[in-house]
Amino acid sequence: MTNNHDNYQYPLNDSWTTTEIITVTQFYGLVERANEQRVVTADFLAAYRAFKQVVPAKSEEKQLGRAFESASGYSIYRTVQAAQQATRQQFQYRG
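Our subject in this report is the structure included herewith. (Residues numbered from 1 in each chain as written. Predicted model: local features only at pLDDT ≥ 70, side-chain atom pairs only at ≥ 80, totals over all residues. Heavy atoms only, no water.)

So, the overall build of the protein
The number of helices and strands found in the protein is four helices and two strands. For 95 residues, the compact-globule estimate of 2.2 N^0.38 gives 12 Å, and the C-alpha radius of gyration of the protein, at 13 Å, lies within 12% of that figure. Its C-alpha atoms put the protein at 35 × 25 × 20 Å along the principal axes. Expressed as a percentage of its 95 residues, the buried residues of the protein come to 39%. Across the protein, every contact between residues at least 6 apart in sequence was considered, and the portion connecting residues at least 24 apart equals 67%. For the protein, the exposed area adds up to about 6,000 Å²; of that, 44% sits on carbon and sulfur atoms. Once the 10 positive and 9 negative side-chain charges of the protein are each reduced to a mean point, those two points are 11 Å apart. (Helix = DSSP H or I, 4+ residues; strand = E, 2+ residues; numbered from the N terminus. Rg over C-alpha atoms; globule rule 2.2 N^0.38 Å. Buried < 20%, exposed > 50% of the residue type's maximum accessible area, 1.4 Å probe, protein only. Contact = heavy atoms within 4.5 Å. Areas by Shrake-Rupley, 256 points an atom, 1.4 Å probe, with all protein chains shown as cover. Lys, Arg positive; Asp, Glu negative; His and termini not counted. Charge placed at Lys NZ, Arg CZ, Asp CG, Glu CD.)

Here is the structure:
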């Protein structure tokens, strides 16, 4: 699925610091890229770990994931699963 990324906003939390917003938006960008082209698996998983530092609660991760998928069409959960199961240095999620 190809999206025009100018047509939606990333789901963010108003209480996050600027640094946290940057961390989360970088992760969202990698999720998009992983659905559109190959990305380095280790880089993606490192970005996910950084995302989890900002969003440690599973319930908030699920809520943001649903909002992100609704806006972008890309599943954070399925993309992370694909990265965790990847056996190569690069992966692409084809959902």
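What follows continues from the structure just given.
A closer look at the side chain of E60
Mapped onto the elements, E60 comes out in helix α3 (residues 58-72). In this structure E60 is buried but unpaired, with K52 as the nearest side chain of opposite charge at 8.3 Å. Residues within four places of E60 in sequence aside, it is in contact with N13, W16 and V55. (Salt bridge = Lys/Arg side-chain N within 4 Å of Asp/Glu carboxyl O.)

Digging into the pattern of salt bridges
Evaluated as defined, the whole model comprises three salt bridges. When the shortest N-O distance is used, the salt bridge between E61 and K52 registers 2.6 Å. Side by side, E61 and K52 carry an identical accessibility label, which is buried. Among the ionic pairs, K58 bridges to E61, the shortest N-O distance being 3.7 Å. Here K58 pairs with E61, and both are found in helix α3, just three residues apart, close to one helical turn.

Here's the deal with the environment of V55
Within the secondary structure, V55 is located in the loop between α2 (41-54) and α3. It is 14 Å that separates the C-alpha atoms of V55 and Y77, two residues lying 22 residues apart in sequence. Setting aside residues up to four positions removed in sequence, V55 forms contacts with W16, E60, E61 and L64.

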